Each structure stands twice: as C-alpha cells, then as structure tokens.
Amino acid sequence: MQAVILAGGKGTRLRPYTTVLPKPLMPIGDMPIVEIIVRQLRAAGFDRLVLAVGYLPHLFRAFIGDGERFGGPIEFVLEEAPLGTAGALGLISGLDSDFLLINGDTLTNLDYRAFMKFHREKGAIATIATQTRQNKVDYGVLEIGDDHSLVRYVEKPAQSYFVSMGVNAFRADVLKYVQPNRYLDIPQLMLDLMGHGERVQCYKSDCFWLDIGRPADYERAGEIFEERRAEFLGNSACGS
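First things first, this report covers the structure right here in the doc. Note that this is a predicted model, so its numbers are computed, not measured.

Side note on the packing of aromatic side chains
Part 1 of the argument: For the coordinates displayed, the defined rule picks out six aromatic pairs.
Part 2 of the argument: Taken together, a centroid distance of 5.6 Å and an interplanar angle of 35 degrees make the contact between F99 and F170 tilted. Of the two residues, F99 sits in strand β6 (residues 99-103) while F170 sits in strand β11 (residues 158-170), which places them 71 residues apart along the sequence. Grouping residues by exposure puts F99 and F170 together as buried.
Part 3 of the argument: Each ring, one from F118 and one from Y203, has its centre 5.0 Å from the other, and the planes form 65 degrees; the classification is edge-to-face. One end of the pair, F118, is in helix α4 (residues 112-122); the other, Y203, is in strand β12 (residues 200-204), with 85 residues separating them in the sequence.

What follows is the structure, encoded as structure tokens:
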C-alpha cells in the first residue's frame, strides 16, 4: 500500500512554536507527530511512504534520514511554492494504485487497514474519513414566521455536523484531476470530482482524532498521547 504525508505547510496557527520547527516535527510526548504517523502507517502495512515537504525541508531530511529506522525508505517531494492540501499529488510519480493521503499534523488511532478496505470495497474515486462534531449555541434560538410570529423556540441547542479528519483515500485515476505545480486544496478537489460525475464517499468513524493546529490542541495532544500511548503505537486501532 502507498501513503502520502502532507508536511509542507508553515503552521501559522501554531506560532511561535513553528517559527523554529515545521508543525509535523513538533514533539508529541517524546516523538514528532510525523514519526507517530509514519510508525502507524508502517504497522498498518504501507510499504511506500512519500513525504511532501515545503517549509524548512532540510529539517525533515535530517530527521528522517534514509528512513531505514522507520522500516524502509521514505521518499521526499519538494513543493517549491505552496500547492495546497492536494496539489502536491501532481509532483509524485508512481501512484498507480489506491493510496492514502494524510495531513502531517493529525493525531488519531484510526484503523488505516479498515479505512482502505472500505475504500476499495465501495469503489468510489475518493473516500473521506469523517467524524461528528457538535457546536452548542449559548442562546435561545428562535424560528420566526413571515408574519413575525414565533414558530419554534429552542433553548441552547447543540448542532451536529460531519467534519473531515484530514485523512483521505483515492483511486490512482484521481491524478487526472490534479495538474502539476497548480495550487489545489482537498475541498476543491472533492467538488471537482463530483462536478465531473465521480463518486466521493465518506467513512464515518468514532476513533480518537485531533488536529494539533492550535496551541491549546497541541498541548492537549501531548497529554493524551502520553496517557494513551499504546492506542497510537500499539496493535490496537479504532475502526468505523
């Protein structure tokens, strides 16, 4: 299996930490989050790993080395200019079968094997790993009719919605929708795919997932990783 790890961003929301280190190299416990992801993917059977870098790329090369301590070679592709969360795919050769694409700042115990199995069985061109999130409204919410009469009154409702986990699976033919050296983000790619009549599916999961993009989430990630280390680096994983 093949996987691409996106590690090219500047991590501006996590400054001042990321002034010195790229976000995927920020330590979670005793190892950078990109190392956690690499170890998880190797354990899940991904034999080809590609790291898409842009900001401070020499630090990734110095840390990863030849990749042998992580179970085998790790390839690098360099974004000379920012290409978004999907544009780097246009720089990678040999993606000739289904592959996984993951943000390099994602702390999760998602079962990658189950995710890829679901993707292949459903046969869609793309699969998005999703979770449910809730936003609680701190006010009484009113629904008002055209005649200004009250139709509905809900006190402090909670709104549920699905969010992307920053983990996606693709068939190889998705690359015909990605132009080399052209900026492209995942949301736009998904919309382009649907606009061309392609089927995009979602994989609902209740696993642990946290984006470390903000300082408070980064600090929380470190605490959770230390408390539940075996869930992230052991044999257990969470499916759908």
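This is not the end of the story, as more comes after the structure.
Focus on the environment of G222
Part 1 of the argument: With respect to the helices and strands, the residue G222 is situated in helix α6 (residues 215-227).
Part 2 of the argument: Using a relative accessible area of 17% as the deciding quantity, one classes G222 as buried.
Part 3 of the argument: Sequence separation between G222 and C202 is 20 residues; the distance between their C-alpha atoms is 28 Å.
Part 4 of the argument: Dropping the residues within four chain positions of it, G222 is found in contact with I28 and G29.

Some details on the environment of R48
Part 1 of the argument: Here R48 shows up in strand β4 (residues 48-53).
Part 2 of the argument: Between the alpha carbons of R48 and Q2 there is a distance of 4.7 Å; along the sequence they are 46 residues apart.
Part 3 of the argument: In this view, R48 contacts M1, Q2, A3, R42, E75, I92, S93, G94 and L95; residues no more than four positions away in its chain are not counted.
Part 4 of the argument: Within polar-contact distance, the side chain of R48 engages the side chain of Q2 at 2.8 Å.

A word on the pairing of strand β10 (residues 150-155)
Part 1 of the argument: Across the six residues that make up β10, only a small minority, zero, are buried.
Part 2 of the argument: Across five bridges, the pairing between strand β9 (residues 140-144) and β10 is antiparallel. By the bridge assignment for β10, G140 is matched with E155.
Part 3 of the argument: In this antiparallel pair of consecutive strands, β9 and β10, the connection spans five residues, and H148 shows a positive phi of 75 degrees.

Quick word on the pattern of salt bridges
Part 1 of the argument: With the rule as written, the count across this model stands at eight salt bridges.
Part 2 of the argument: We note a salt bridge from K23 to D105, for which the minimum N-O separation is 2.7 Å. With a gap of 82 residues between them, K23 in the loop between β1 (2-7) and β2 (27-28) and D105 in the loop between β6 and β7 (106-108) connect regions that are remote in the sequence. Per residue, the accessibility class of K23 equals that of D105, and both read buried.
Part 3 of the argument: Salt-bridge contacts for R171 lead to D173; the nearest nitrogen and oxygen are separated by 2.8 Å.

Focus on the pairing of strand β5 (residues 74-78)
Part 1 of the argument: Inspection of the sheet shows β4 paired to β5 by five bridges, in the parallel sense. Pairing of V53 across the sheet is with L78, part of β5.
Part 2 of the argument: Regarding topology, helix α2 (residues 57-64) serves as the crossover connection from β4 to the parallel β5, and that connection is right-handed.

So, how was this worked out
Residues numbered from 1 in each chain as written. Predicted model: local features only at pLDDT ≥ 70, side-chain atom pairs only at ≥ 80, totals over all residues. Heavy atoms only, no water. Phe/Tyr/Trp six-rings, centres within 6.5 Å; stacked < 30°, edge-to-face > 60°. Helix = DSSP H or I, 4+ residues; strand = E, 2+ residues; numbered from the N terminus. Buried < 20%, exposed > 50% of the residue type's maximum accessible area, 1.4 Å probe, protein only. Contact = heavy atoms within 4.5 Å. Polar contact = N/O pair within 3.5 Å; in protein donor to acceptor, adjacent residues only side chain to side chain. Pairing = 2+ DSSP bridges. Salt bridge = Lys/Arg side-chain N within 4 Å of Asp/Glu carboxyl O. Right-handed = clockwise from strand over helix to strand, strands pointing away.

Any functional reading would require information that these geometric values do not contain.
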